[in-house]
Amino acid sequence: MFRKIPLLLCGLLITVTVLAQKKNESYQLQIRKAASPVKIDGVIDEAAWMQADAATNFYMVLPMDTSTARLRTDVRMTYDDNNLYLVVENYTTGEGPYMVESLRRDFAFLKNDNFLLFMDPFDDQTNGFSFGANAAGAQWDGLMYDGGKVDLSWDNKWVSVVKNYPDKWVFEAAIPFKTIRYKKGITKWGINFSRNDLKTTEKSAWAPVPRQFPTASLAYTGNLVWDAAPPEAGANVSLIPYVLGGIAKDYEKGTNEKYRRDAGLDAKVAVTSSLNLDLTVNPDFSQVDVDKQVTNLDRFELFYPEKRQFFLENGDQMSNFGYATIRPFFSRRIGLGGVPIRFGARLSGKLNKDWRLGIMNMQTGKQEETGLPAQNFTVAALQRRVFSRSNVGFIFINKESVNYDPGKITDMPVYNKYNRNMGLEYNLASSNNFWTGKAMFLKSYTPGKSGHDIAHAANLQYTSKVWNVSWQHEYVGRNYNAEVGYVPRQGYVKVVPQVTRLFFPLSGQVLSHGPQVTSTWFFDEKDLHRTDNETMLNYGIVFRKRNTLNIWASNTYIQLLQPFDPTNSHKDSLANGTRHNWNTVGVDYVSKPQSLFTYALSARYGGYYADGTRLMANTELGYRFQPYVSIALSANYNQIDLPKPWGNTSFWLVGPRLDVTMTNTLFFTGFMQYNGQQKNMNLNTRFQWRYKPASDLFIVYTDNYLPEPLYVKNRALVLKLVYWFNI
């Protein structure tokens, strides 16, 4: 049965994909070369702006998408030989101050009055760039992928100013042509503008977007029409060296202080105006945010997102191949846990409007204490656009141990000589975005493993204003092995149907409400007998002030396939093959974002393994002294009651956080996490000074404590200086 499903689904995916003209083709903004120099100061007094066409008459997206926006927004664009210029007049009601979270870069969209630009230089409705700012001047920039998602890890050189007036706030920006990628000679780019205003709870867009989709959806862009082909960026080479000094001490091992003196280099080379080569030698990621810890009650490996910019920037083609729990490539497998990265290179970008390429090679050094050999990682991905917005992708991943013979290892862990994966996937996106989906096939190659070494998954989703209906199925063979991926479970078949129905009251405090039913089923691949299933009924309510409430109930069944400690605290384990069934109820509430004090509350109560019970309560509190200080506190409590030998077990996870944004170039973050399950208290502080665009000074201090009694495990201090040279 399951062998026939992929063929049927692939046929359906091709059937529902139709060739169609872009939905907002008639929305045109003419852009002309600047008639005068442009000064980025938030004052619209240059001749270039007086002569530029304006994009105005925005359409409301939220709370309803059936009328024009109440707030006026005017956008003008122009250019010269070096920069693309943008100026935006965001008119307000004049009642009270603007609402912003802080001056932190890449702010949370829903918690700020803001303006965003979505730009599709290839007009392929799939990939692009986003730039914007909130009403206090904090910048937002990111790479766009999958037709409407924004990767905010991308960080590049551009300048902007926000100036506030009694009746409006003005955002003015200059984006160097060297910062973006575009194909030579193309004179029509996809473009849209989005405005979010918290006082009126209005989200609007220049080219209309249905309310069920984000305004970032590239399927609904209008057109930026150039008076001539955009100028060539010319020679575009950037060198980004760093120097670093630091000191660390491990108190648990009782070793002496360890001093760090290090240097490294990143380079960016524009091979063409749309294809980029990134190089790195001895990279360092000490300034990256620490992982947000969680209480782990799962039977399988948890997923922690990648935060290192070299792997994230323009890396969606590789890292998003597959599904959330079937990722053949997961960059966190490279260079973490004390494994040094020696050097690396990545070639990525567009070959033309239809073809996209990504190739990466990384070399790590050996780790003496674990016997891990030096390893080389190669990833190659090729993508071809088909139909209006869909694409077909290919990926190859190779992990090779260098100068390593597993047969000669006697006193250390043994590692595979190599591990390889190859895969194909088809990504569906209809011209109006109502139909989306994916079909994927993977095969792994590992010494000593053959047969049952493939993975397949597919999904199809229909999204209208009132209905969201989806189907997903997965198969992962028991010998499928992705050592450079994230595939926490093998040897199963999974099916997940889901249905959501929304209702929209014509008036009142409720914007939308409706039920959602999700059922997840796991079967053993050998005889297709059920091993897990969870069925959940959720009723969600979205209020006009954008606060949300969800009430849900679920039924869970699990047959353990291996021994498992239900507290994950190194106690006794439940036996392999035992069956467990329970019911749970829960509630989640998120407050309106307009308030200076915001909060999110969630709780669940119900059964657990071995006829036990589990209570979980979680809260996230926040207060902002806008725009300079943001204080947050997250707290999670789990209480588990089980028969002996476990008994009553409780875990606290508490994390206060302080963000101080003195200016939009000077930041301080302090983050403490107490994890009762891991018996660890972590403190991480980071000072950042962006003294020039994309050039930073970081001072990072970290501490780990054993909380009971308070005892220092280890601590470190790092000072890092980064400078961006354009050649």
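Structure shown above.
Residues numbered from 1 in each chain as written. Predicted model: local features only at pLDDT ≥ 70, side-chain atom pairs only at ≥ 80, totals over all residues. Heavy atoms only, no water.

A. Molecular detail of the packing of aromatic side chains. Under the defined criterion, the tally for this structure stands at 36 aromatic pairs. Measuring from centroid to centroid gives 6.2 Å for F177 and W226, while their planes differ by 45°, and the two rings are tilted. Of this pair, F177 sits in the loop between β11 (168–176) and β12 (188–197) while W226 is found in strand β14 (residues 222–226), placing the two residues 49 residues apart along the sequence. This pair shows no difference in class: F177 is buried, exactly as W226 is. Residues F213 and Y220 carry aromatic rings whose centres are separated by 6.0 Å and whose planes lie at 25° to one another, so their mutual orientation is stacked. A residue is classified by how much of its surface remains accessible, and F213, at 6% relative accessible area, is buried. An aromatic cluster is defined as three or more aromatic residues linked by ring pairs; in this entry it consists of Y27, Y59, F115, F171, F193 and W206. In this arrangement the basic side chain of R530 is found over the ring face of Y557, its NZ or CZ atom lying 3.8 Å from the centre. Against the face of Y242 rests K720, its NZ or CZ located 4.9 Å from the ring centre. (Phe/Tyr/Trp six-rings, centres within 6.5 Å; stacked < 30°, edge-to-face > 60°. Helix = DSSP H or I, 4+ residues; strand = E, 2+ residues; numbered from the N terminus. Buried < 20%, exposed > 50% of the residue type's maximum accessible area, 1.4 Å probe, protein only. Lys NZ or Arg CZ within 6 Å of the ring centre and 35° of its normal.)

B. Quick peek at the pairing of β12. Counting buried positions along β12 gives 9 out of 10 residues, so the element sits mostly inside the fold. Sheet topology note: the strand β6 (residues 114–120)/β12 ladder contains 7 bridges and is antiparallel. When the bridges of β12 are listed, L116 appears paired with S194. Here 4 bridges tie β12 to strand β13 (residues 202–205), and the two strands are oriented antiparallel to one another. Residue pairing across strands places N196 opposite K203, the latter belonging to β13. Counting the residues in the hairpin turn of β12 and β13 gives 4 residues, including T201, whose phi is positive at 55°. (Pairing = 2+ DSSP bridges.)

C. Looking closely at the pattern of salt bridges. Going through the model one piece at a time under the given rule, you end up with 43 salt bridges. Across the pair E89 and K168 runs a salt bridge whose closest N-O atoms are separated by 2.7 Å. Within this pair, whereas E89 is found in strand β5 (residues 83–91), its partner K168 is found in strand β11, the two being separated by 79 residues in sequence. Counted as one network, the salt bridges with shared partners bring together R105, D141, D155, R690 and D696. (Salt bridge = Lys/Arg side-chain N within 4 Å of Asp/Glu carboxyl O.)

D. Up close: the side chain of R546. Looking at the element boundaries, R546 is found in the loop between β28 (530–543) and β29 (548–559). D113 is the oppositely charged side chain nearest to the buried, salt-bridge-free R546, at an N-O distance of 7.9 Å. Side-chain polar atoms of R546 contact the backbone oxygen of T201, separated by 3.2 Å. Excluding residues that lie within four positions of it along the chain, R546 makes contacts with L62, L110, N196, L198, T201, E202, K203, S591 and P593. (Lys, Arg positive; Asp, Glu negative; His and termini not counted. Polar contact = N/O pair within 3.5 Å; in protein donor to acceptor, adjacent residues only side chain to side chain. Contact = heavy atoms within 4.5 Å.)

Treat this as a map of the structure, not an account of what it does.
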